Amino acid sequence: MSATAPDISLGQALDQLIADLALKKNADPHESYTARLLRDGPMAAAKKLGEEGVETALAVAAGTPAQIAVESADLLYHLAISLMSREVDPAEVGAVLAARRGLSGLAEKAARAKS
Ligand SMILES: N=c1c2ncn([C@@H]3O[C@H](COP(=O)(O)OP(=O)(O)OP(=O)(O)O)[C@@H](O)[C@H]3O)c2ncn1[C@@H]1O[C@H](COP(=O)(O)O)[C@@H](O)[C@H]1O
């Protein structure tokens, strides 16, 4: 991995990506991979997302930090495509994460086990 810190945060890069993808939604599928994936629909997007999840997991298990970063970026791209393919606003995902903030995963699990 690079010795210096990147000059863009993951949140900023994701916001930028999501804005860029919205502009590609109705592009020519011969000129835009995004448009091609969206044309192919949610089932194809889900398959691609699963593949990228496995590739990321394999990188985490045995890859270098740089390989993990590359596979993670592919995974996030295909997650963004998958959300678009089902018309889920990425802000909804953000809201779920924000609502969970400060609630320990362990406490949440324990509360679930009792109900
Ligand atoms: N961030 C990405 C991005 N990340 C990953 N990918 C694509 O996803 C692929 C990773 O999936 P795979 O390794 O499975 O690739 P593959 O086997 O060639 O894929 P398939 O043949 O199975 O479709 C990469 O090779 C890229 O082609 C991306 N394609 C596009 N973007 C962004 O989307 C923008 C719009 O792209 P277009 O819609 O193509 O103009 C670009 O400017 C980028 O910012």
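Residues numbered from 1 in each chain as written. Predicted model: local features only at pLDDT ≥ 70, side-chain atom pairs only at ≥ 80, totals over all residues. Heavy atoms only, no water.

Q: Just checking my understanding: could you explain the environment of R36 for this structure?
A: Residue position: R36 is located in helix 2 (residues 33–62). By relative accessible area, R36 is classed as partly exposed at 37%. With 14 residues separating them in the primary sequence, R36 and G50 have C-alpha atoms 18 Å apart. Sequence-distant contacts of R36, defined by excluding residues within four places in its chain, comprise P29 and H30. (Helix = DSSP H or I, 4+ residues; strand = E, 2+ residues; numbered from the N terminus. Buried < 20%, exposed > 50% of the residue type's maximum accessible area, 1.4 Å probe, protein only. Contact = heavy atoms within 4.5 Å.)

Q: How do you make sense of the pattern of salt bridges when you look at a structure like this?
A: A side chain with one charge may pair with a side chain of the opposite charge, provided their charged atoms come close. Here the structure, examined in full by the defined rule, presents five salt bridges. Between K48 and E52 there is a salt bridge, with its nearest N and O atoms 4.0 Å apart. In this pair, K48 and E52 are both assigned in helix 2, four residues apart and thus about one turn of the helix distant. Judged by relative accessible area, K48 falls into the partly exposed class, the value being 22%. We note a salt bridge from E108 to R112, for which the minimum N-O separation is 2.9 Å. With E108 and R112 both in helix 5 (residues 105–114) and four residues apart, the pair spans about one turn of that helix. Using a relative accessible area of 51% as the deciding quantity, one classes R112 as exposed. One salt-bridge network, in which partners are shared between bridges, spans K47, K48, E51 and E52. (Salt bridge = Lys/Arg side-chain N within 4 Å of Asp/Glu carboxyl O.)

Q: Please clarify how the nonpolar core should be interpreted in this entry.
A: Buried together is how nonpolar side chains tend to be arranged in soluble globular proteins. If you look at the biggest cluster of nonpolar residues, it comprises seven residues: L21, L37, L38, A45, Y77, A80 and I81. Contributions of two or more residues to this core are made by helix 2 and helix 3 (65–85). Those residues in contact with I81 that sit more than four places away from it in its chain are L21, T34, L37, L38 and A45. (Core = buried A, V, L, I, M, F, W, Y, C linked by side-chain atoms within 4.5 Å.)

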